[in-house]
Amino acid sequence: MTILTYHAVDPLWTGALSVHPAPFEAQIAWLVSHRRVVPLTELLDRCPDGVSNELVALTFDDGFSSVVQHALPVLARSDVPFTVFLIAKMYDGSASSVDWVDRPPGHPLRTLDPSEIRRLRSYGASFGSHSYVHADMTTLGYDAALADLVRSRDILEELLGEDVTSLAYPRGRHDDDVRRAAAAAGFTSAFGLAVAREIRGAYALPRVGIYPPDTGWSLRLKTAPVYGRLRASPRYHSLRRRIQRH
């Protein structure tokens, strides 16, 4: 797999969505030494299906402030490019708190403010949409999904002063209606998690999560094409659906 997904890099949050800064630094050091890390746009230009034998792109979902506090110093030292997917409702005055995390830490979570976004941009970070409200979009239906995604683009384009053409589906979930809505909303690429081979395309690009234990052999596996082929197989998706039902 070649497009890696992080969320928070937080020394006080021990949940699945957060990597402690120390293992994060070890992960980035391993990637820089063993893989070629490139901007997400470059990877997609060269590998439209999102899978490459040699290139890796880093992404962060949710736009937590810990990206600028704890991830940026590590990434900047090695000049590592990355993309952050922002939740648009945090930037139109309608929301002030993080309410989409199932198991939040004991301390309040905060998302990037406009000045922090500008700071990340000064280091070359790029940005995309993580929807407007971070709902499971497969539960919305086409019309509501389209309205959410259009609204997210409008808000983020005003915030960033540039076109926003990439989308990370909340929780990685999408179906045919959601993919059609992403295209109709004007996105040119959209990302899930494990994506079956038969639906892969510009609006069903695969990514893989990176977590605190991922160093050495597991990073080698998760950034290898064989991992992407495994996750694209019908057998993998059948097993995943069975696990989710229990």
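Residues numbered from 1 in each chain as written. Predicted model: local features only at pLDDT ≥ 70, side-chain atom pairs only at ≥ 80, totals over all residues. Heavy atoms only, no water.

1. A word on the packing of aromatic side chains
Scanning the model with the defined rule gives seven aromatic pairs in all. The interplanar angle of 25 degrees and the centroid separation of 5.4 Å between the aromatic rings of Tyr-6 and Phe-60 together place this pair among those described as stacked. With Tyr-6 in strand 1 (residues 3–6) and Phe-60 in strand 5 (residues 55–62), this residue pair connects regions lying 54 residues apart in the sequence. Of the two residues, Tyr-6 and Phe-60, both sit in the buried class. (Phe/Tyr/Trp six-rings, centres within 6.5 Å; stacked < 30°, edge-to-face > 60°. Helix = DSSP H or I, 4+ residues; strand = E, 2+ residues; numbered from the N terminus. Buried < 20%, exposed > 50% of the residue type's maximum accessible area, 1.4 Å probe, protein only.)

2. Describing the confidence of the model for the chain
When pLDDT is averaged across the chain, the result is 88; 91% of the residues are at 70 or more. Between residues 232–246, whose pLDDT stays under 50, and residues either more than four places distant or in other chains, the model counts 12 contacts. (pLDDT = per-residue confidence, 0-100. Contact = heavy atoms within 4.5 Å.)

3. What about the packing of helix 1 (residues 21–34) against helix 3 (residues 66–77)?
Across the interface, helix 1 lies against helix 3 with an axial gap of 10 Å and an inter-helix angle of 25 degrees. On the basis of their axis angle, the class for helix 1 and helix 3 is roughly parallel. The element helix 1 and its partner helix 3 pack so that their crossing is right-handed. Contact with helix 1, carried on its side by Pro-21, Phe-24, Glu-25 and Ile-28, involves His-70, Ala-71, Val-74, Leu-75 and Arg-77 of helix 3 and no other residues of that element. (Axes fitted to C-alpha atoms, helices over the stretch in contact; angles between N-to-C directions. Parallel < 35°, antiparallel > 145°, perpendicular 65-115°, else oblique. Left-handed = near helix turned anticlockwise from the far one by under 90°.)

4. Points about the pairing of strand 6 (residues 83–86)
Residue alternation in strand 6 divides its side chains into two sets, Thr-83 and Phe-85 and Val-84 and Leu-86, and both sets are buried. A crossover connection joins strand 5 to the parallel strand 6 through helix 3; in handedness this β-α-β unit is right-handed. Bridging between strand 6 and strand 7 (residues 126–129) involves four bridges; their strand directions are parallel. The partner of Phe-85 across the bridge, within strand 7, is Gly-128. What joins strand 6 to strand 7 is helix 4 (residues 114–122), and the crossover it makes is right-handed. (Right-handed = clockwise from strand over helix to strand, strands pointing away. Pairing = 2+ DSSP bridges.)

5. Let's talk about the nonpolar core
Phe-24, Leu-58, Phe-60, Phe-82 and Leu-120 are the most contacted members of the largest nonpolar core, which totals 56 residues. Among all residues touching Phe-82, those that are not within four sequence positions of it are Leu-58, Phe-60, Val-67, Leu-72, Leu-75, Leu-120, Ala-125 and Ser-126. (Core = buried A, V, L, I, M, F, W, Y, C linked by side-chain atoms within 4.5 Å.)

6. Looking at the side chain of Arg-153
In this fold, Arg-153 is placed in helix 5 (residues 142–160). What makes Arg-153 buried here is its relative accessible area of 14%. A distance of 2.9 Å separates the side chain of Arg-153 from the backbone oxygen of Ala-185, its partner in a polar contact. When neighbours within four sequence positions are excluded, Arg-153 is seen to be in contact with Val-164, Thr-165, Ala-185, Gly-186 and Phe-187. (Polar contact = N/O pair within 3.5 Å; in protein donor to acceptor, adjacent residues only side chain to side chain.)

7. With respect to the environment of Ser-122
With respect to the helices, strands and loops of the structure, Ser-122 is situated in helix 4. Only 2.5 Å separates the side chain of Ser-122 from the backbone oxygen of Arg-119, close enough to count as a polar contact.

8. Here we look at helix 3
Given a rise of 1.5 Å per residue, 12 residues ought to cover 16 Å, and the 17 Å separating the end C-alpha atoms of helix 3 matches this to within 8%. Residues of helix 3 that are buried in the fold lie against strand 2 (8–9), helix 1, strand 5, strand 6 and helix 4. Looking at the residues trailing helix 3, positive phi occurs at Asp-79, about 55 degrees. (Expected span 1.5 Å × (residues − 1).)

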